[in-house]
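# Residue-level structural notes
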Amino acid sequence: MDRLVTTVRPYAWGSTTALPRLTGTPPDGTPQAELWMGAHPAAPSQVRRGSGLRPLDAVIADDPAGELGEAALRRFGPRLPFLLKLLAADAPLSLQVHPDLAQAAAGFRAENSEGTPLDAPHRNYRDDNHKPEMLVALTPFEGLCGFRPLARCADLLDTLDVPGLAPYTTLLRQGAEEPALRQAFSACLAAPGELVAAVAAAVAGKAAGDGPHRQTFTAYHAVAEAYPGDPGLLAALMLNLVRLEPGEGLFLGAGVPHAYLHGLGVEVMAASDNVLRCGLTSKHVDTGELLRVVRFVPAPVRILRPSADEGEGAYPAPVDDFRLSRIRPREGAPVRLEATAPQILVCTRGEIRLEGPAGTLALGPGASAYVPAGEHVTADGDGEAFRATAGTDA
């Protein structure tokens, strides 16, 4: 096993304090949005092999069968199939959706045939893979995930008492589910500036009041302030507002519109860069392609919890690109971590000691380790860690 040397991504929406607080390092005043652990070519972690540090993607490329295991190599090819992150949001992320496998493959082929460079800012599909993801909260966490039921969505919009929203609420109450959602969501993304401004003002008023939806509108007010004039605010009002307590998680599958708003969490995702954005961003927006990918079905929020509070507790996911579990060793009962696929572990509290054939590795908060396929280790200590691996070891 190897201690990982990781990279922090300084996106503008990141918190200046959350990751430094976790890791016990002084903040430097810049946003620290994501700490990446994995072999993503944009910022691969490094491991010490031989006389110095080497990028993990290069180590895997030198010996894919040895590092990934035969099962993962057959299933996913010569790459680590997941990326693990610590994500620290202090402002809303973009309103986005991810394609399924067939959509990603078709979109990637089409843009390749058009000669669109892989690094072009207007490119939608940078690979042929889907991008399911899971987030588990380390602090109280807010996000948007999936469409509200139509009646609840209409009721929330009515609460704002903005006359220009009447056609939207009428459509949501009287239309058939899929076409009504599609038409209302499309209309939100094309809303005129004066309607966006009126909604933002109404949201601000509700957030400052003492009505029953004050807490909900406080979250949407933060969206409006972060992206003034962005019609994504209206689209965001159609989505479920989700609040997670530490240890609770969300799975985000293909076609589900979502945006993280605020908080610190552990995120794991399939190895892909395919993101279609429709608002709350300065990056490329392709509304037409996004509307083709979105699944216009109300999606009740399913909050995930680990299968055990002590030892190893798994979070269920309907994909095999990754598995995520929480490690909390019991005193005198080390957790045995066996997998035919590679593993990455990150400590999030206290100290976790990993013991394997090559010795012992102690991890403090924010520190992480890579374990090649087939190398069995145990985890002990008085802390907490999260373990990501691929679903080939059922």
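Residue numbers here run from 1 along each chain, matching the order of that chain's written sequence. Local features are withheld for residues below a pLDDT of 70 in this predicted model, meaning they are given only at 70 or higher, and side-chain atom pairs are given and counted only at 80 or more; totals for whole chains, interfaces and linings count all residues. Calculation of side-chain values draws on the structure's entire complement of heavy atoms; hydrogens and water are dropped beforehand.

## So, the environment of A88
Just so we agree on the cut-off: Numbering of helices and strands starts at the N terminus; helices are DSSP runs of H or I of at least 4 residues and strands are runs of E of at least 2. A 1.4 Å probe rolled over the protein chains alone gives each residue an accessible area, and that area as a share of the maximum for its type sets the label: buried under 20%, exposed over 50%, partly exposed in between.
Along the chain, A88 turns up in strand 6 (residues 82–89). A88 sits in the buried class, given a relative accessible area of 1%. Linking A88 and G249, residues 161 residues apart in sequence, is a C-alpha distance of 15 Å.

## Examining the state of the cysteines
Rules: Cysteine sulfur atoms that pair up within 2.5 Å are treated as a disulfide.
Applying the stated criterion across every chain, the model contains zero disulfides. In this structure C145 is not part of a disulfide, and its nearest cysteine sulfur, from C278, lies 14 Å away. C188 supplies the cysteine sulfur nearest to C278, a cysteine that is in no disulfide, at a spacing of 9.9 Å.

## What about the side chain of R148?
Definition in use: In this tally, Lys and Arg are treated as positive and Asp and Glu as negative; His is ignored, and so are the chain termini. Salt bridges, as used here, are contacts in which a Lys or Arg side-chain nitrogen is within 4 Å of a carboxyl oxygen on Asp or Glu. Here a polar contact means two N or O atoms within 3.5 Å. Within protein one must be a hydrogen donor candidate and the other an acceptor candidate, and residues neighboring in sequence count only if both atoms are side-chain atoms. Residues count as neighbours in contact if any of their non-hydrogen atoms are within 4.5 Å of one another.
When you line up the elements, R148 lands in the loop between strand 9 (141–147) and helix 6 (150–159). An unpaired buried charge is present at R148: no salt bridge exists, and D155, the closest side chain of opposite charge, is 9.6 Å distant. Within the structure, the side chain of R148 is placed 3.2 Å from the backbone oxygen of L237, a separation counted as a polar contact. A polar contact of 3.0 Å, which involves the side chain of R148, links it to the backbone oxygen of L239. Not counting residues up to four positions away in its chain, the partners in contact with R148 are C153, L156, T216, Y220, L237, M238, L239, N240, L241 and P298.

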